[in-house]
Amino acid sequence: MWCRRLACLFKVPCRLSGSTRHRSPWLPCDRRTILAAAARWHHTAPESLKCAWQLHGDHLELRYANTLMRFDFVWLRDHCRSASCYNAKTNQRSLDTASVDLGIKPTAVRVDETTLFLTWPDGHVTRYGLEWLVKNSYEGQKQQVMHPRILWNAEIYRQAQVPSVDCQSFLETDEGLKEFLQNFLLYGIAFVENVTPTKEDTEILAERISLIRETIYGRMWYFTSDFSRGDTAYTKLALDRHTDTTYFQEPCGIQVFHCLKHEGTGGRTLLVDGFYAAEQVLRQAPDQFELLSKVPLKHEYVENVGDCHNHMIGVGPVLNVYPWNNELYLIRYNNYDRAVINTVPYDVVHRWYAAHRTLTAELRRPENELWVKLKPGKALFIDNWRVLHGREAFTGYRQLCGCYLTRDDVLNTARVLGLQA
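Given the structure is predicted, the values throughout are model-derived calculations rather than measurements.

Caption draft 1: Layout of the sheet that holds strand S9 (residues 125-129). Spatially, the three strands line up as an open sheet ordered S7-S8-S9, and their pairing is antiparallel. Of all strands in the sheet, those bounded by a partner on one side alone are strand S7 (108-111) and S9. Across the sheet, the mean angle from the axis of one strand to that of its neighbour is 15°, orientation sign disregarded. With five bridges connecting them, strand S8 (residues 115-119) and S9 associate as antiparallel partners. Paired with Leu116 across the strands is Tyr128, a residue of S9.

Caption draft 2: Structural detail: helix H8 (residues 199-207). Thr202, Leu205 and Ala206 are the residues of H8 that are buried. Along the axis of H8, the buried positions cluster into a sector of 95°, meaning they face one direction only.

Caption draft 3: View of the sheet that holds strand S3 (residues 59-64). Taken in spatial order, the four strands of this open sheet run S1-S2-S3-S4, and their pairing is antiparallel. Among the strands making up the open sheet, the edge pair consists of strand S1 (42-43) and strand S4 (67-72). Alignment of strand S2 (residues 51-55) against S3, held across five bridges, turns out to be antiparallel. Of the residues in S3, the one forming a bridge with Ala52 is Arg63.

Caption draft 4: Inspection of the nonpolar core at higher detail. If you look at the biggest cluster of nonpolar residues, it comprises 29 residues, and the most contacted ones within it are Val318, Leu319, Ile331, Trp352 and Leu359. At the level of secondary structure, the elements contributing two or more residues to this core comprise strand S16 (269-273), helix H9 (274-284), helix H10 (286-294), strand S19 (319-322), strand S20 (327-331) and helix H11 (346-363). In contact with Ile331, not counting residues within four places along its chain, are Thr243, Gly274, Phe275, Val318, Leu319, Leu359, Asn384, Trp385, Arg386 and Leu388. Ile212, Ile254, Phe381 and Leu417 belong to the second-largest nonpolar core, a separate cluster that totals 28 residues.

Caption draft 5: Spatial organisation of the environment of Leu400. You can see Leu400 is positioned in strand S24 (residues 397-405). Measuring from C-alpha to C-alpha, the distance between Leu400 and Leu260 comes to 5.4 Å, with 140 residues separating the pair along the chain. Not counting the four nearest positions on each side in its chain, Leu400 is found in contact with Trp221, Tyr222, Phe223, Phe257, His258, Cys259, Leu260 and Leu374.

What counts, and at which threshold
- Residues numbered from 1 in each chain as written.
- Predicted model: local features only at pLDDT ≥ 70, side-chain atom pairs only at ≥ 80, totals over all residues.
- Heavy atoms only, no water.
- Pairing = 2+ DSSP bridges.
- Helix = DSSP H or I, 4+ residues; strand = E, 2+ residues; numbered from the N terminus.
- Axes fitted to C-alpha atoms, helices over the stretch in contact; angles between N-to-C directions.
- Buried < 20%, exposed > 50% of the residue type's maximum accessible area, 1.4 Å probe, protein only.
- Arc of directions from axis to C-beta.
- Core = buried A, V, L, I, M, F, W, Y, C linked by side-chain atoms within 4.5 Å.
- Contact = heavy atoms within 4.5 Å.

Here it is as structure tokens:
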């Protein structure tokens with residue numbers, strides 16, 4: 001899963017004091033005491049060593065719940081949740097961060113079984129729950145994933161037997177909506193069945209979870225092979241796996257497809273979990289994964305068809321990761337729209353091509369390909385930051401409708417329903 005890291009968590013040897021004179025449940029300190037105690041660990045529960053802390057010149061070191069944490073003194077003052085520093089009703093900071101002395105140090109520190117207490121030079125007291133500190137420390141975040149996921153190839157997905165959600169349940173009940181969103185968050189794709197095959201009904205479906213993102217393609221679009229736009233998608237040709245709108249500075253987060261009619265053959269939709277493929281690269285060639293996550297590229301869309309005149313450029317690496325835990329959150333992969341590579345020096349570009357080839361080979365493995373025949377009444381939602389899509393060539397008249405959704409709104413809907421997103 002995506003808590004793998006290219007670098008190991010740092011480990012610092014702990015010098016624990018064996019003296020029994022530090023066994024009081026807390027240790028009040030003045031400045032002289034702080035300086036004298038700077039080289040010692042202090043335990044709130046010496047029989048279990050559940051919590052121990054140590055002061056340094058510019059930070060507090062705290063061990064709790066098997067996590068060694070370091071907190072800068074300015075950070076500890078800035079994140080105070082007292083009534084004068086934080087508005088609990090609006091969940092917003094009241095403290096002016098720029099007013100905090102960058103050389104600030106606590107004048108007294110104590111820790112009981114659940115809480116850290118800090119007294120500052122002006123007499124203000126800050127209280128932190130130890131569990132809150134574990135959750136919100138850098139070291140705690142480094143061990144967590146932001147977005148729990150189930151990575152899949154075609155066999156894994158089929159064996160999971162992920163159910164589609166009925167349209168009425170999706171639209172009218174929180175239970176149906178929550179089931180849909182949980183499937184979507186875990187797998188990056190989700191289906192809704194029994195949708196009336198019209199653009200209007202598809203629009204109602206999409207608006208259940210998000211605002212619709214209006215783009216150069218409009219708000220809701222019909223999609224046929226009439227080459228009405230300057231894009232290969234508006235043909236009957238096969239499309240290789242790709243993510244959409246790589247030429248946007250922020251690619252669209254979710255894409256909705258609903259096949260309204262197909263009078264012909266072929267046209268199956270291809271789905272590939274890009275994160276599953278990237279995980280294989282990370283395991284086999286971590287240096288190539290790192291290169292793909294750091295080298296910025298341009299993607300470009302140039303259109304001059306009829307009244308449509310557009311020239312869009314988006315910049316970013318193929319793989320986008322959170323730097324603190326190396327968790328992948330976005331893949332930008334579209335060989336059709338990748339622009340001239342002029343952002344990479346000559347001594348890096350060949351290694352980038354090799355890394356790109358490794359990722360492409362994983363994306364093209366037959367066992368990673370999930371083929372789905374879209375039919376009227378079955379709407380497909382795709383996480384465009386994770387799952388690549390394509391299609392096989394087709395004959396006859398084929399009409400789809402769909403739209404892009406704003407990712408923030410979808411994740412907001414999920415969190416309001418109690419899901420981790």
